[in-house]
Amino acid sequence: MVVVPRLRVHGPLLSGFLGAAMLLCGVGLAIVGQVDAAVDDGARAVAGRHAGADLVLRVSVDLADDADRQDEQVRAALADSLDTVSTPWSVDRTITADVPLTVAAAGASGSKRVVTALSVADLSARADLVAGSWAEDDGDVLVQADAADELGVRPGDDVVLGGVGLRVAGTWRARDHLDPRWVGDPQVASGSSDGRFGPVVVAESRWGQLTAEPRAHWVVVPEVADLTVADLDAVTRARGRLDLDWQDRIDDVDSLAVDGRILNVAHEVALRTDGLRAVQPAVVVLLAAVGLVAIAALARLFVTTHAAELSLLWARGAASGALAGSAAVEAATATVVGGALGALAAVGAAHALGRPDAAPSGPAVVAAVLLVSVATAALTALQVWRSTGRTAWRGPSGRAGRLVGPGLVALAVGAAGLAVWQLRTYGSPVTVDADGVPAVDPIAVTAPAALLVALVLLGLVIFPALAARAERRSDAGDVTRTLAARHLSRRLVPVTAPVLVVAIAAATLVTAAAYDRTWSDGFDRTRQLRAGADVHVSTDEPGPDAATRAAVARVAGVRAVAPVATELGGDVGALVAATPAALATLGRGLADRRETAAALTSRSSAPEIPAGAGEVAVELEATGLAGRPEVRVVVADAGGALRTVRLPRRTGSAPGTVSYAAPLPADTSGVAGPRTIAALELGVEGRETRAGSQPRVGLVALTATGPDGPTELGDGPWTARMPGDRELTLAPGGQAPGGAVVVDPGVRRIRLTPTFAPGSPDGPRTPVVLSTVAADHLDLDVGDSLTLSLDGTYEQLQTTVARVVPAVPGAPDESAALVDLRALEQARLAGQNVVPSPTGLWIAAAAPESTAHDLRRMLPANASVDTATDAAGRTALATTTRAWWLGAAGCGLLALLSLVTVARGQLSARHDDAEILRALGMSVRDQQRLRVRELAWTAAFALVVGLLAGAAVAVLVVPQLARAAVPEPYPTIGTSLAVDAVALLAGTALLVGTLAAGIAWYAARVGADLRRGPVTDR
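Analysis parameters
Residues numbered from 1 in each chain as written. Predicted model: local features only at pLDDT ≥ 70, side-chain atom pairs only at ≥ 80, totals over all residues. Heavy atoms only, no water. Helix = DSSP H or I, 4+ residues; strand = E, 2+ residues; numbered from the N terminus. Buried < 20%, exposed > 50% of the residue type's maximum accessible area, 1.4 Å probe, protein only. Contact = heavy atoms within 4.5 Å. Areas by Shrake-Rupley, 256 points an atom, 1.4 Å probe, with all protein chains shown as cover. Salt bridge = Lys/Arg side-chain N within 4 Å of Asp/Glu carboxyl O. Core = buried A, V, L, I, M, F, W, Y, C linked by side-chain atoms within 4.5 Å. Domains from an automatic or database assignment. Expected span 1.5 Å × (residues − 1). Polar contact = N/O pair within 3.5 Å; in protein donor to acceptor, adjacent residues only side chain to side chain. 1 Å grid on protein atoms, 1.4 Å probe; cavity = no way out; pocket = protein on both sides within 12 Å on 5 of 7 lines; lining within 4 Å. Points joined across faces, edges and corners; volume = space filled by probe spheres on them. Nonpolar A, V, L, I, M, F, W, Y, C, P; charged D, E, K, R; others polar. pLDDT = per-residue confidence, 0-100. Axes fitted to C-alpha atoms, helices over the stretch in contact; angles between N-to-C directions. Parallel < 35°, antiparallel > 145°, perpendicular 65-115°, else oblique. Left-handed = near helix turned anticlockwise from the far one by under 90°. Phe/Tyr/Trp six-rings, centres within 6.5 Å; stacked < 30°, edge-to-face > 60°. Lys NZ or Arg CZ within 6 Å of the ring centre and 35° of its normal.

1. Structural notes on the overall build of the protein chain
Okay, so step 1: Along the protein chain, the regular secondary structure elements total 27 helices and 35 strands.
Okay, so step 2: Across the 1018 residues in the protein chain, those meeting the buried criterion constitute 53%.
Okay, so step 3: Within the protein chain, contacts between residues at least 6 apart in sequence are counted, and of these 81% link residues at least 24 apart.
Okay, so step 4: Surface exposure of the protein chain reaches about 42400 Å², of which carbon and sulfur atoms provide 55%.

2. Observations concerning the environment of Val618
Okay, so step 1: By secondary structure assignment, the location of Val618 is in strand β18 (residues 615-623).
Okay, so step 2: With relative accessibility at 2%, the residue Val618 sits in the buried group.
Okay, so step 3: In contact with Val618, not counting residues within four places along its chain, are Val631, Val633, Leu647, Val658, Ser659, Tyr660, Leu680, Leu699, Ala701 and Leu702.

3. Regarding the pattern of salt bridges
Okay, so step 1: Under the defined criterion, the tally for this structure stands at 35 salt bridges.
Okay, so step 2: Notably, a salt bridge pairs Arg530 with Glu814, separated by 2.6 Å at the nearest N-O pair. With Arg530 in helix α15 (residues 493-531) and Glu814 in the loop between β32 (796-805) and β33 (816-819), this residue pair connects regions lying 284 residues apart in the sequence.
Okay, so step 3: Among the residues examined, Glu814 registers a relative accessible area of 23% and is labelled partly exposed.
Okay, so step 4: Here Arg749 ties to Glu681 by a salt bridge, and the two come within 3.4 Å at their closest N and O atoms. Residue Arg749 is found in strand β29 (residues 749-754), and its partner Glu681 is found in strand β23 (residues 675-683); the two are separated by 68 residues along the sequence.
Okay, so step 5: Classification of Glu681 as buried rests on a relative accessible area of 12%.
Okay, so step 6: The network of salt bridges with shared partners includes Asp92, Asp122, Arg126, Asp179 and Arg181.

4. What to know about helix α20 (residues 821-831)
Okay, so step 1: By the criterion of burial, α20 is predominantly enclosed, with 9 of the 11 residues buried.
Okay, so step 2: Here α20 has its buried residues at Leu821, Ala823, Leu824, Glu825, Gln826, Ala827, Arg828, Leu829 and Ala830.

5. Here we look at the nonpolar core
Okay, so step 1: Core analysis: the largest hydrophobic core is formed by 170 residues, its most contacted members being Phe17, Leu161, Trp246, Tyr515 and Trp519.
Okay, so step 2: Considering each element in turn, this core owes the most residues, 20 residues, to helix α8 (residues 262-305).
Okay, so step 3: Counting the residues that make up this core, at least three belong to each of domain 1 (2-41 + 269-391 + 403-526 + 872-1012) and domain 2 (90-222).
Okay, so step 4: When neighbours within four sequence positions are excluded, Tyr515 is seen to be in contact with Val279, Thr880, Thr881, Trp884, Val958, Leu961, Ala962 and Ala965.

6. Examining unusual backbone geometry
Okay, so step 1: Cis rather than trans, the peptide bond between Gly198 and Pro199 has omega equal to 0 degrees.
Okay, so step 2: By secondary structure assignment, the location of Pro199 is in strand β9 (residues 196-201).
Okay, so step 3: Cis geometry marks the peptide bond from Glu541 to Pro542, where omega comes out at -5 degrees.
Okay, so step 4: A positive phi angle, close to 55 degrees, is found at Asp194, a residue other than glycine.

7. Looking at helix α10 (residues 320-352)
Okay, so step 1: In this model, α10 (33 residues) spans 47 Å end to end at C-alpha, consistent with the 48 Å of a helix rising 1.5 Å per residue.
Okay, so step 2: Phi turns positive one or two residues past the end of α10, at Gly354, with a value near 75 degrees.

8. Focus on the side chain of Arg721
Okay, so step 1: Relative to the assigned elements, Arg721 resides in strand β26 (residues 718-721).
Okay, so step 2: Reaching out from Arg721, the side chain makes a polar contact with the backbone oxygen of Ala830 at a distance of 3.4 Å.
Okay, so step 3: Excluding anything up to four places from it in sequence, Arg721 contacts Arg726, Glu727, Leu728, Arg749, Ile750, Arg751, Thr753, Pro761 and Ala830.

9. Brief notes about the side chain of Ser60
Okay, so step 1: Summarising the element assignment, Ser60 is placed in strand β1 (residues 57-62).
Okay, so step 2: By relative accessible area, Ser60 is classed as buried at 5%.
Okay, so step 3: A distance of 2.6 Å separates polar atoms of two side chains, one belonging to Ser60 and the other to His217.
Okay, so step 4: With near-sequence residues (within four places) excluded, Ser60 lies in contact with Arg215, Ala216, His217, Ser255, Leu256 and Ala257.

10. Details of empty space enclosed by the protein
Okay, so step 1: One pass over the structure, following the stated rule, counts 4 cavities of 30 Å³ or more.
Okay, so step 2: Computed from the structure, the largest cavity encloses a volume of approximately 200 Å³.
Okay, so step 3: Those elements that place two or more of their residues in the lining of the largest cavity are α16 (546-553), β15 (558-569) and β19 (630-636).
Okay, so step 4: Looking at the lining of the largest cavity, the element that brings in the most residues is α16, giving 4 residues.
Okay, so step 5: For the lining of the largest cavity, the residue count by class is 11 nonpolar, 2 polar and 5 charged.
Okay, so step 6: Mapped onto the domain boundaries, the lining of the largest cavity takes at least three residues apiece from domain 3 (533-602 + 764-867) and domain 4 (608-754).

11. Focus: the confidence of the model for the protein chain
Okay, so step 1: A residue-level look at the protein chain finds 89% of positions with pLDDT of 70 or above and a mean pLDDT of 83.
Okay, so step 2: Low pLDDT, under 50, characterises residues 391-401; the predicted model gives this stretch 21 contacts beyond four residues in sequence or across chains.

12. Here we look at the packing of α10 against helix α11 (residues 362-388)
Okay, so step 1: Remark: α10 packs on α11, axes separated minimally by 7 Å, with the N-to-C direction vectors making an angle of 155 degrees. Here α11 runs roughly antiparallel to α10, going by the angle between their axes. Viewed along their axes, α10 and α11 form a crossing whose handedness is right-handed.
Okay, so step 2: Within the contact of α10 with α11, the residues separate by chemical class into 16 nonpolar, 8 polar and no charged.

13. Some thoughts on the packing of aromatic side chains
Okay, so step 1: Under the counting rule described, the total for this entry stands at 3 aromatic pairs.
Okay, so step 2: The positively charged end of Arg126 is found above the aromatic ring belonging to Trp182, 5.1 Å away from the centroid.
Okay, so step 3: One residue, Arg530, lies across the ring of Tyr970, its end atom 4.0 Å from the ring centre.

Put into structure tokens, the structure is as follows:
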């Protein structure tokens, strides 16, 4: 075996194998480690934005007679079901039931109220005592402080809970209502929910005596700081199997129920990380393709450079298989060493950057080194076997007509065509399998690498023709130019490696620059449209009230706040309601949002309050009433928020009338525009009168007073209704210009709404903006009519399509409609007794992420806070751009390595040429110039081919690849190609500079060797 002695002789090329393996393993493992770490970072970041029921899995069963045995059974079953979850998790057990409570204290009414009784083991660890003391024995109960106020109980009172007499020991408040163990129960924060009060904490030993149907709950809470995507997947799988896996394992399993929205968090994480899973193999496959091309070219160069040695050994009887095996061992030895060094570099870099979780695992290192070594050995052995297996040896100096065979090029072009067609057909490398699970298509994901390699191979096909043409056109007076062109046209094999690898490096650089900007633009626009505003808050009903909106407006960095209503279902899919002023001020994602806001604006409106007005006054005509009417004015600000203002009576009314006035509340919304009077609420009570005489009340005047004095707020007609009921009769009024409302028996409240305001039954059709999907689904265009049904009322909104946009901001469905919130509120005022506050808020903020963090503490536990910047998603998904740039850097280093390897091989292989040229009188400087021209022309050609190939890849596949890393892209909004020109220019300059440095090093080595005298095989 002559392997070891030959390692030193073949050092220049074997160092190329070593360097290639080092780069491939190091860069490839770094990309895989970064992406895997980013996936888990994304999971933790998404989970960190949630609270309450969003972060738990809760299992519930009817409380068994043997509660301790049942507890042991459930905990054991949970441990088995979640045995693959690596994240630490805790189990919190509680018992709850709805039970009647009666206050037994002296003077109490004794009326029963429904409360939620709760048994929890460590209340003092998660709540603070407000009054009284903690429970001393099982005869004491503890009441949530707000519930105690509503129930009228205080420490020391006796109560009857579920038929058992108990004593109130104290009242408490949760230390952190966002604690996942409370599962987002609104009673914990406010003391009441859906007509129930509590929680009332009772000793577990009392459940056997209470008249109740208690349920036992086990809440599984994972440690968010350690959460991984694999853990979320494991919880999702376990959740789907609980019903079957727990049969015959726990008591009362038939009553098993599972809830908690951690599965929704898992889905949200998947939306933000599936793109990472798609882009990672695309970059790794591209890097692998570059590596295989570089290794194949190095193997071919190995054979060509050592042709004389291999020919001699073959002529002396060495078998082709033995020579191939020997060469394969040499190459594999160098590759194993290089791969190990690259893996160590990847591990060291991860630890140096403070991200040990991004370090590649042991199996990944072994697999990478093994794959690269096997590929290198196989390619080298194949090249040697093909060369020594011939009946004659041509050697490296023979004229070759081509660098690559037409069969290989045709195969590469066909594979690239299939991969590109499949990717463009699907629109993304992420598809959905038969089970509805997202999966990476193995063909589509190879499109960038396949297309890039095919285009570079096509460039190699034309290189011989260009080299031959350059030889024919070279100036005979310029000897170095002529010889350089002649050498390139007649000795093509050494050119293969640098042309391929430099071209691919340049193409990868273009692809990375295009992907970076394309993904960033697509991500930003999609997230802005999905959020609708800088910050989008969504809550359950009831929505944020005036006090909450005012508190939000006071948060540092908040510039404006406006309510937004969202309704799901119906023919449209999703109905979003925001005022035109709110859309123009806060809306994000629509390039033409001001034009859209103008299209959404009705030609008429409710009575507008002049700017600067500080007081509103109402004058009524009242006849036959039992007392003075109570008056409230419903004011809508420019953002659509309704404020009810109570107007006290004032003196100095005209004869036969009664006047009311009150200051207008300050407008803290930050949305510019006039406020309007949405409704007048009158509290009345008629009295018995003589026959033919009816109690009546009528609006005489409505005024607003500002710096310029009082202003009449329109004289348009008003429609009178019992809230949520019938329209009331109007009779001619003495002083009320629009007539007086007849107060029939049983009428206690009257609501006056502007008759012709948009959204009112008699008002004009309201403009509506449709998304493209909704317009196509309903076959509607601008000017067509559309009737929208509303939640909670039989009233319908009559609309006219005013505009069609690609997507409606903030809509949870691609098929959506956008209407003026004030029109929606007018329709609700006409048809509903109580108009609920919209469940959403749009917020303009200087720092959306900071604002979202500050808002979390003042919102209900299960409120969702979305931002247009989505820093969590961007941080995770931006890893794809880093992966592309890291891949480009790896390709650039491979290009330099290939160039230097070829140069070193040429130093050894062309010593005879150097001596001949020296004998013919060519100076050292001329020989340097000759070698530099050869290598520089090769690199220049490769750069041009690479830049053109990269441009083609960017145009054909980058938008689809970038779209895969954008969470929830809109089907009607394409991903437009863009290029980071600054990064591309900088990267190109760096690549050219690096190659120039390599060529300069080669020129210096040539000169140094020539000046030392005859060149030997070093």
